[in-house]
Amino acid sequence: MAEPGGTVPSRRIMYAATVILAVVTSFFCLSCGNGGKQFGAAVTSRDSMSVMTTYGVSMLISENGVVHYRVSAEEWKVFDRLNPPFHAMEQGVLLHVLDTAMNVESSISADTAYDYYDKKLWELRGNVHAENVKHEKFDTELLFWDDRRGKIYSDSLIRIEQENQIIIGHGFESNSNMTEYTIRKTEGIFPVQDR
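Definitions and cut-offs
- Residues numbered from 1 in each chain as written.
- Predicted model: local features only at pLDDT ≥ 70, side-chain atom pairs only at ≥ 80, totals over all residues.
- Heavy atoms only, no water.
- Buried < 20%, exposed > 50% of the residue type's maximum accessible area, 1.4 Å probe, protein only.
- Helix = DSSP H or I, 4+ residues; strand = E, 2+ residues; numbered from the N terminus.
- Pairing = 2+ DSSP bridges.
- 1 Å grid on protein atoms, 1.4 Å probe; cavity = no way out; pocket = protein on both sides within 12 Å on 5 of 7 lines; lining within 4 Å.
- Points joined across faces, edges and corners; volume = space filled by probe spheres on them.
- Nonpolar A, V, L, I, M, F, W, Y, C, P; charged D, E, K, R; others polar.

The next point concerns the pairing of strand β3 (residues 86-89). Where burial is concerned, the two faces of β3 agree: the one with Phe 86 and Ala 88 and the one with His 87 and Met 89 are both buried. Relative to β3, strand β2 (residues 66-79) is paired through three bridges, and the arrangement is antiparallel. For Lys 77, the partnering residue across the bridge sits in β3 and is Ala 88. With antiparallel pairing between neighbouring strands as the criterion, β2 and β3 make up a hairpin whose turn holds six residues.

Here you go:
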């Protein structure tokens, strides 16, 4: 029977609300009980997660109080529990090598970079492009920079554009500022047309 004004009796509404509340509560209790999985159980190892993620990074790196490098990255993740620990820049990186007056001597960019900081070793992957102080350009898909030994190297295909020629080869090794280098297996040397 309807109450004055044509509304449903409040006793029926209270009964329906109580039944719905009991069903919802028992559903949540079943999932939260000892038999249910915890939300954190999906993460089996803290090692697989970055301890820090930073966006829009631009920083200077110095040694003995002298700034040597400027690094810019869209995203910077720190994985300190893995062996070896590393920094990951998987959204692209741009690294400038600076002289003592903070002028850019050379630069390296890549789609992805990993800095194995305990080893002082950088691994650059995908569209790796470098330019030295002599304006020579280097393009490859994989490049390693061993700061401890002062060497840059790759076993991948590399293209080097000099002032008057382009050299294509496999395998490459250079000093850290890429001014003295050797190509292990040269596949072709092509003259550059007048510009």
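Now that the structure is up, let's keep going.
A few words on empty space enclosed by the protein. The full count for this structure, using the stated rule, is one cavity of 30 Å³ or more. Put simply, the largest cavity is a space of about 30 Å³. Lining the largest cavity are Leu 95, Ile 108, Trp 122, Leu 124 and Trp 145. Across the lining of the largest cavity, the residue classes break down as five nonpolar, no polar and no charged.

A volume near 200 Å³ is recorded for the largest pocket. What lines the largest pocket is simply Ile 61, Ser 62, Glu 63, Tyr 69, Leu 95, Asp 115, Tyr 117, Lys 120, Leu 121, Trp 122, Trp 145 and Asp 147. Listing elements by their share of the lining of the largest pocket, those giving two or more residues are β1 (52-63) and β7 (121-131). Grouping the amino acids of the lining of the largest pocket by side-chain chemistry returns seven nonpolar, one polar and four charged.

At the junction of Asn 83 and Pro 84, the peptide bond is cis and its omega measures out at 0 degrees in the coordinates. Counting through the fold element by element, Pro 84 comes out in the loop between β2 and β3. We note that Asn 127 has phi near 50 degrees; this positive angle belongs to a residue other than glycine. Within the fold, Asn 127 resides in strand β7. Its identity as a non-glycine residue notwithstanding, Met 178 has a phi of 60 degrees, on the positive side. Within the secondary structure, Met 178 sits in the loop between β10 (165-175) and β11 (181-191).

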